[in-house]
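# Structural overview for review
The chain contents come next:
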Amino acid sequence: YFLETILFDAAIIFETTSRFLSLIVTLLTVRAGMYTVFPLVGILIKWVVVGRYKEGDFTKHSFVYLRWWLVDKALLVCGRGLFDCCNMGRCLYYQFLGASIGANVQISSGSRLTEFDLIHIGSNSVISDDVTISPFVVKDSKVIMKAITVG
């Protein structure tokens, strides 16, 4: 009877440990997916929903504004993931989204760019923390998108 109890307890411990390890592996897999797949999904959503941003004036209640809003929120949810690990990753991320970025550009992880196709960053430029480059403004119920050149 004593040996059966020990073997039964060992089986329960093994099953619990196996479940715990499965949980840890699952959590790590999901986390890795969030950092790799989510940003790529965000980039795909931008290209499918908006394509290229174009300069112009639009009404706030137009289809253009709705598409802009959907992409903006999708990119906020998806995040930059692994692209945010280093400066080269951030530059690649914004280039994948349509920004024109020159050589030797430094983009801080605390900065934010929007409406990427309308942004041109020249060589040797630095975009520091807490900087938002957004060629988008709402004025008198109008949405205005104009190209921005930095450097």
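Looking now at the packing of aromatic side chains. In this structure the tally under the stated criterion is seven aromatic pairs. With a centroid separation of 5.9 Å and 85° between ring planes, the pair formed by Phe83 and Phe96 is classed as edge-to-face. Here Phe83 is found in the loop between α2 (63–78) and α3 (87–96), whereas its partner Phe96 is found in helix α3, with 13 residues between them in sequence. Cluster of aromatic residues (ring-pair linked, three or more members): Phe83, Tyr93, Tyr94, Phe96 and Phe116.

Among the nonpolar cores identified, the biggest contains 25 residues, and Tyr53, Tyr94, Ile101 and Phe116 are the most heavily contacted of them. Those elements that provide at least two residues to this core are α2, α3, β5 (119–121) and β9 (142–145). If we skip the residues at most four places from it in the chain, Phe116 touches Lys46, Tyr53, Leu75, Tyr94, Leu97, Gly98 and Ala99.

What follows is about α2. Taking 1.5 Å of rise per residue, the 16 residues of α2 would be expected to cover 22 Å, and the 22 Å separating its terminal C-alpha atoms lies within 8% of that figure. Taken together, the buried positions of α2 are occupied by Trp68, Val71, Asp72, Ala74, Leu75 and Cys78. Summarising the axial view, the buried residues of α2 lie within an arc of 165°, below the 170-degree limit, and thus occupy one face. Residue Gly79 follows α2 closely and has a positive phi angle near 70°.

Time to look at the layout of surface pockets. A volume near 220 Å³ is recorded for the largest pocket. Forming the walls of the largest pocket are 16 residues, and the residues nearest its centre are Leu75, Leu76, Tyr93, Arg112 and Leu113. Only α2, α3 and β4 (112–113) provide two or more residues apiece to the lining of the largest pocket. A total of five residues in the lining of the largest pocket trace back to one element, the largest contributor, which is α2. Of the residues contributing to the lining of the largest pocket, the split by class is nine nonpolar, three polar and four charged.

For the rest of this paragraph, the subject is the environment of Arg90. Assignment of secondary structure puts Arg90 in helix α3. Under the relative-accessibility criterion, Arg90 is labelled buried at 9%. A C-alpha to C-alpha distance of 8.9 Å links Arg90 and Gln106, two positions 16 residues apart in sequence.

Turning to the sheet that holds strand β1 (residues 56–59), a few remarks are in order. With antiparallel pairing, three strands are arranged side by side in an open sheet as β1-β9-β8. In this open sheet, the two strands that pair with only one neighbour each are β1 and β8 (136–139). Direction aside, the axes of adjacent strands within the sheet are offset by 25° on average. Here four bridges tie β1 to β9, and the two strands are oriented antiparallel to one another. Paired with Asp57 across the strands is Ile144, a residue of β9.

Now for the side chain of Asp117. Considering the arrangement of structural elements, one finds Asp117 in the loop between β4 and β5. In terms of polar contacts, Asp117 uses its side chain to reach the side chain of Lys46, at 2.6 Å. Leaving out residues up to four positions away in the same chain, Asp117 has contacts with Lys46, Trp47, Gly51, Arg52, Tyr53, Leu97, Gly98 and Ala99.

Analysis parameters
Sequence order as written defines residue numbering, which begins from 1 separately in each chain. Thresholds applied to this predicted model are a pLDDT of at least 70 for local features of residues and 80 or more for the giving and counting of side-chain atom pairs; totals over whole chains, interfaces and linings are not thresholded and use all residues. Only hydrogens and water are set aside when side-chain values are computed; all heavy atoms of the structure are taken into account. Only centres within 6.5 Å qualify two rings of Phe, Tyr or Trp (six-membered ring in Trp) as a pair; their planes then separate them into stacked at under 30 degrees, edge-to-face at over 60, and tilted for everything else. Going along the chain from the N terminus, every DSSP run of H or I of four or more residues is numbered as a helix, and every run of E of two or more is numbered as a strand. We define a nonpolar core as any set of buried Ala, Val, Leu, Ile, Met, Phe, Trp, Tyr and Cys residues linked to one another through side-chain atoms lying within 4.5 Å. Throughout this description, buried means an accessible area under 20% of the type-specific maximum (1.4 Å probe, protein chains only), exposed means over 50%, and partly exposed covers the range between. Any two residues whose heavy atoms approach within 4.5 Å are treated as being in contact. A helix is expected to span 1.5 Å for every residue after the first. By construction, the arc corresponds to the directions joining the helix axis to the C-beta atoms. Both site types are read off a 1 Å grid over the protein atoms alone. A 1.4 Å probe that fits but cannot get out defines a cavity, while an open set with protein on both sides within 12 Å along at least five of seven lines defines a pocket; lining residues have an atom within 4 Å of a point. Grid points are joined across faces, edges and corners, and a volume is the space filled by probe spheres set on the points. Under the convention adopted here, Pro, Cys and the residues Ala, Val, Leu, Ile, Met, Phe, Trp and Tyr are nonpolar, Asp, Glu, Lys and Arg are charged, and Gly plus all remaining residues are polar. The pairing criterion for strands is at least two bridges between them, as found by DSSP. The convention used is that axes are lines fitted to C-alpha atoms, helices contributing only their stretch in contact, and that angles between N-to-C directions extend from 0 to 180 degrees. Think of a polar contact as two N or O atoms within 3.5 Å of one another; within protein, one of them needs to be a possible hydrogen donor and the other a possible acceptor, and neighboring residues in sequence only count if both atoms come from side chains.

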